[in-house]
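Listed below, chain by chain, are the residues.
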Amino acid sequence: MVCRLSTRLLNICIASLCRAHRLDKAETVIADSIRLGILPDAVTYNNLIDAYCQLVGVDAAYHVLDRMREAGISPDVVSYNSLMAGAAMEGLLPRLQGLFEEMCQKDIHPDVWSFNTLMHCFFKSGKPDEANKIFWYIMNNDLSPSPATFNIMINGLCKNDFADYALTLFWYLRSCGLVPEIITYNILIDGLCKAGRVRAAKRILKELGKSGSAPNAITYTTVMKCCFKNRQFRQGFEILSEMERKGYTFDGYAYCTVIAALVKVGRTKEATHYMEQMMRNGIQLDIVSYNTLINLYCKEGNLEVVSKLLCEMEERGLDCDKYTHTILIHGLCRSGDIKRARQHLHSMNMSFDSKLVAYNCVVDGLGKDGQIDNAMDMFKSMERKDTFTYSSVVHNLCKARRYRCASKLLLSCVRNGLKLLDSAQRAVLEGLSDSGFPSEVNKIRSIIRIARMSHY
DNA sequence: GTAGGGTTAG
C-alpha cells in the first residue's frame, strides 16, 4: 500500500518535471526512487515516453520502451500511442506505421487514439485518401469515434482542399452522439476562411453563438486574421477592440496577428505599443514573433534594432527561416539597396518555392528603381511565377509606358490560369486605350472573359 | 493522453 502510494507520488513528481521540460531531473528522481525501493510503473514510463517524444524525439523515446521491458513492465496501448504521436509530430509516417504494426504483433489492441494519430499523420503526409479510409474504418467497426476523430478529419480535409466534405462532417457529428467542441468550431472557421469561404465561416461562427459555448481567444484570433487576410482591416481591428473589452488574454499568436496587420497598414506606432505590451507580459519569443518584430523595425527603417534582434536569435539558437530572409530582402529593396537585396537572395540556400516571395520583392524593387530590363531578366529566369510576379512586372512595364509588352504578359498570365491583380490589369487596359490601341483593349477584355468562363 | 489560431511580396 505504502509503496503503491509512493509510486503515485513519484508519478505526480515525474509528470510535473516533464511538463517543466526537466528530463534530466526526472531521470535522477526515478533512479533515486528505485534505490529507495519505490518502483516506477507503466504510468511513470508512459509519462517519460511522452516527454522524450516532445523534447528529444521518437528514437530517444523508443529507448524508454526498452528500459520499461527490462524493468519487467509490459508496454501498453498508451506507450505505443505516445510513440506514434511523437512520430506524427515529426511527420514520420513510415515510422508510425512500423510502430502500429509492432503493436498489433505484440497483441496490444490499437484504440481510437491510435487510429486518430494514424489519420492525423496521413493528412500531414499529404495522403487524405488514406486518412479517409481510416476514418470510415473507425465508423464502420464501432470503434466509438471521439470528438478528436472529427477534429482531425475536419482539419485535415480543410487543409487538403475538401472544405465541403469538412462541412458535411461537421453537421454529421451530432448524429454520432457527439457535440462539437470549441476546437471543432475554430478548426472549421479557420479552414473555411482560408478556403475563401467567408460566408460559410460566418455561418459556423453564428452556430457557435447558438451552441451556448463561448468563443475563446483562438476563435477571436482566427476571425481577426481572416478579416486581415481579406483586407477588411477596419472589421479586424473592431474584433481586436472587442477582444480587449471582454478581457481575453493575448498570447504570442494574438499579438503577432495584430502587430503584423498594423504594420501592413502603416500604423507602426500602434504596432510598437502592442509589441511593448507583449514584452511586458513576458511572452517567450519564437521564430514567428522574431520575424514579426523584425518586419516592424524594417518598416520603421530601424536597422540597428533589426541586427540586434538577429544576433539575439542566433544566441538563442534560432535559425532564420524563409520569412526572415524575405522580410530582410523586402526591407533592403524598400530602402533602395537593390544590390544587397539581390546578394541576399542569392545567398538563400533553399528551394525555389521558399524563395518565390523574395524573388517577387526583388523583381518589384528593380522595377520601382527604374531597372525594368533587369527586372525582366530576373522574371524570365524564374522557375515558377505567381499572380504577384506577373502583377508586379506588368505594373512596372506600364509605369515605363511599355503597354504592348505588358499586355503580352497579361495574356500569358491568363493562359497559365493565373489571375492578374485588378490594379495591374486596369493599368494595362487604361494605358493601351490612352495610347491609342482601343481594339487591343477589346481583344484583351474578351480573352479574359473567355478564360474566366472556362475556369468555372 | 492527440486535434485549433500567429510571420513575407501588392
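Everything numeric in this text was worked out from a predicted model, so none of it was measured. (Residues numbered from 1 in each chain as written. Chains lettered and ligands numbered in written order. Predicted model: local features only at pLDDT ≥ 70, side-chain atom pairs only at ≥ 80, totals over all residues. Heavy atoms only, no water.)

Caption draft 1: Spotlight on the environment of Tyr62. Topologically, Tyr62 is positioned in helix α4 (residues 58-70). Residues within four places of Tyr62 in sequence aside, it is in contact with Leu83, Arg95, Leu99 and Glu102. (Helix = DSSP H or I, 4+ residues; strand = E, 2+ residues; numbered from the N terminus. Contact = heavy atoms within 4.5 Å.)

Caption draft 2: Region of the structure containing helix α18 (residues 303-315). Compared with the 18 Å implied by 1.5 Å per residue over 13 residues, the 18 Å span of α18 between its first and last C-alpha is a close match. Of the residues making up α18, those classed as buried are Val306, Leu309 and Met313. Seen from one end, α18 has its buried residues packed into an arc of 65 degrees, which puts them on one side. In α18, the exposed positions angled more than 90 degrees off the buried face are occupied by Glu304, Lys308, Glu314 and Glu315. Buried positions along α18 lie against α17 (287-300) and α19 (322-334). (Expected span 1.5 Å × (residues − 1). Buried < 20%, exposed > 50% of the residue type's maximum accessible area, 1.4 Å probe, protein only. Arc of directions from axis to C-beta.)

Caption draft 3: View of the protein's contact with DNA strand B. Around DNA strand B, a shell composed of 49 residues is seen, among which Trp113, Asn186, Lys225, Asp251 and Asn291 lie nearest. Atoms of DNA strand B within 4 Å of the protein: sugar and phosphate make up 38%, bases the balance. Asn116 is positioned such that a nitrogen or oxygen atom in its side chain is 3.0 Å from a base oxygen of DNA strand B. In this structure, Glu181 approaches DNA strand B through a side-chain N or O atom, which is 3.5 Å from a base nitrogen. Examining the composition of the surface near DNA strand B, we find that six residues originate from one element, helix α15 (residues 252-264), more than from any other. Here the surface near DNA strand B is built from residues that sort into 17 nonpolar, 20 polar and twelve charged. (Near = heavy atom within 4 Å. Polar contact = N/O pair within 3.5 Å; in protein donor to acceptor, adjacent residues only side chain to side chain. Nonpolar A, V, L, I, M, F, W, Y, C, P; charged D, E, K, R; others polar.)

Caption draft 4: How the structure looks around the packing of helix α10 (residues 163-172) against helix α12 (residues 198-211). At a minimum axis separation of 12 Å, α10 and α12 run at an interaxial angle of 15 degrees. Comparing the axis directions of α10 and α12 gives the class roughly parallel. In this structure, α10 meets α12 at a crossing whose hand is left-handed. Touching Leu167, Phe170 and Trp171 of α10 are Ala200, Arg203, Ile204 and Glu207, all from α12. Residue composition of the contact of α10 with α12, grouped by class: five nonpolar, no polar and two charged. (Axes fitted to C-alpha atoms, helices over the stretch in contact; angles between N-to-C directions. Parallel < 35°, antiparallel > 145°, perpendicular 65-115°, else oblique. Left-handed = near helix turned anticlockwise from the far one by under 90°.)

Caption draft 5: Seen up close, the nonpolar core. Core analysis: the biggest nonpolar cluster contains 105 residues, and Leu48, Leu83, Ile154, Leu188 and Ile259 have the highest contact counts within it. Ignoring any residue separated from it by four or fewer positions in sequence, one finds Ile259 in contact with Ala271, Tyr274, Met275, Met278, Thr292, Leu293 and Leu296. (Core = buried A, V, L, I, M, F, W, Y, C linked by side-chain atoms within 4.5 Å.)

Caption draft 6: Main features of the packing of aromatic side chains. With the rule as written, the count across this model stands at 15 aromatic pairs. Ring centres 6.4 Å apart and planes at 50 degrees place the aromatic pair Phe150 and Tyr172 in the tilted group. Taken together, the residues span a long stretch of sequence, with Phe150 in helix α9 (residues 147-159) and Tyr172 in helix α10 at a distance of 22 residues. Overall, Tyr172 belongs to the partly exposed group, its relative accessible area being 32%. Ring plane angle 45 degrees and centroid distance 4.7 Å describe the contact between Tyr220 and Tyr248, whose orientation is recorded as tilted. On the criterion of sequence distance, the pair formed by Tyr220 in helix α13 (residues 217-229) and Tyr248 in the loop between α14 (233-245) and α15 is long-range, its members being 28 residues apart. In this structure Tyr248 comes out as partly exposed when scored by relative accessible area, which is 23%. Within the aromatic cluster, the residues linked to one another by ring pairs are Phe135, Trp136, Phe150 and Tyr172. Over the ring of Phe237 we find Arg267; its NZ or CZ atom is 4.5 Å from the centre of that ring. (Phe/Tyr/Trp six-rings, centres within 6.5 Å; stacked < 30°, edge-to-face > 60°. Lys NZ or Arg CZ within 6 Å of the ring centre and 35° of its normal.)

Interpretation note: all reported values are geometric properties and have no functional meaning in isolation.
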